Amino acid sequence: MFTGIIEEIGEITAIAPSGDGWRLTVRAPRAAADAVHGESIAVSGVCLTVVGSTDDTFDTDVMKQTLDVAAIGGAVVGTRVNIEKAMPVGARLGGHIVQGHVDGVGEVLEVRPGAQWSVLRISLPADLAPLVVDKGSISVDGTSLTVSAVSDPGASSAWFEVSLIPETLAATTLGARAVGDRVNLETDILARHVERLLAFRPTTSAAPEGGSR
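Keep in mind that this is a model prediction, so the values were computed, not measured.

(A) Spatial organisation of the pattern of salt bridges. Applying the stated criterion to the full structure yields twelve salt bridges. Measuring nitrogen to oxygen at the nearest pair gives 2.9 Å for the salt bridge that ties R112 to E161. Here R112, found in strand β7 (residues 104-113), pairs with E161, found in strand β11 (residues 159-164); they are 49 residues apart in sequence, far enough to count as distant. The partly exposed category is assigned to R112, whose relative accessible area is 33%. Measuring nitrogen to oxygen at the nearest pair gives 2.8 Å for the salt bridge that ties R121 to E161. One end of the pair, R121, is in strand β8 (residues 118-123); the other, E161, is in strand β11, with 40 residues separating them in the sequence. Residue R121 is classed as partly exposed on the basis of its relative accessible area, which comes to 23%. Overlapping salt bridges, with partners in common, bring together E110, R112, R121 and E161 in one network.

Okay, structure coming up:
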């Protein structure tokens, strides 16, 4: 479990085929310093398991399914990634509950820089649109953010916006995002559970003719 508070920006230093997936080597000195085999680290919002480490790098396997559904499938050597270690029990929840289970990929549609702030507009897959609400939480490349605007329900293409403060611009990879970049999206876990529960609610049958209910 993660909080979406990025601890450092890492860099992919090696990509090697591993079956139908990849083995990644990520340089992230802060995370690698005390990394242990089998622990979870979120790499740009993707929960991955450490299979080896040095003083400043860690290795992790990425299966084909993850490569197919997450933006990390387009990574190359040199790609910068957001790093967060799993939240210890009893720690403060500084962001929101992030599982590291990517729901889909969005594309940066617009970047509106300001004197200090920057606003990103990001496309939203149609099936995720009902789960994203104004002032709600969303994880973008593993970063816990507050939604600042959303498209209308009847819009032909769904999108949402996030407003990035100077700290987020400096401490995450989002400060370097440009139009056309693909980003990992994880919607709020509570919204996903509500959607699933509603899917099992029985539909109300009409009252029989000539009678009342």
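(B) Molecular detail of the pairing of strand β5 (residues 57-62). Bridge count between strand β2 (residues 21-27) and β5: six bridges; the pairing is antiparallel. Bridged to W22 within β5 is V62. Across three bridges, strand β4 (residues 46-53) lies against β5 in antiparallel orientation. Each residue of the ladder has a partner; that of S53, found in β5, is F58. What sits between β4 and β5 in their antiparallel hairpin is a turn of three residues.

Basis of the calculations
Residues numbered from 1 in each chain as written. Predicted model: local features only at pLDDT ≥ 70, side-chain atom pairs only at ≥ 80, totals over all residues. Heavy atoms only, no water. Salt bridge = Lys/Arg side-chain N within 4 Å of Asp/Glu carboxyl O. Helix = DSSP H or I, 4+ residues; strand = E, 2+ residues; numbered from the N terminus. Buried < 20%, exposed > 50% of the residue type's maximum accessible area, 1.4 Å probe, protein only. Pairing = 2+ DSSP bridges.

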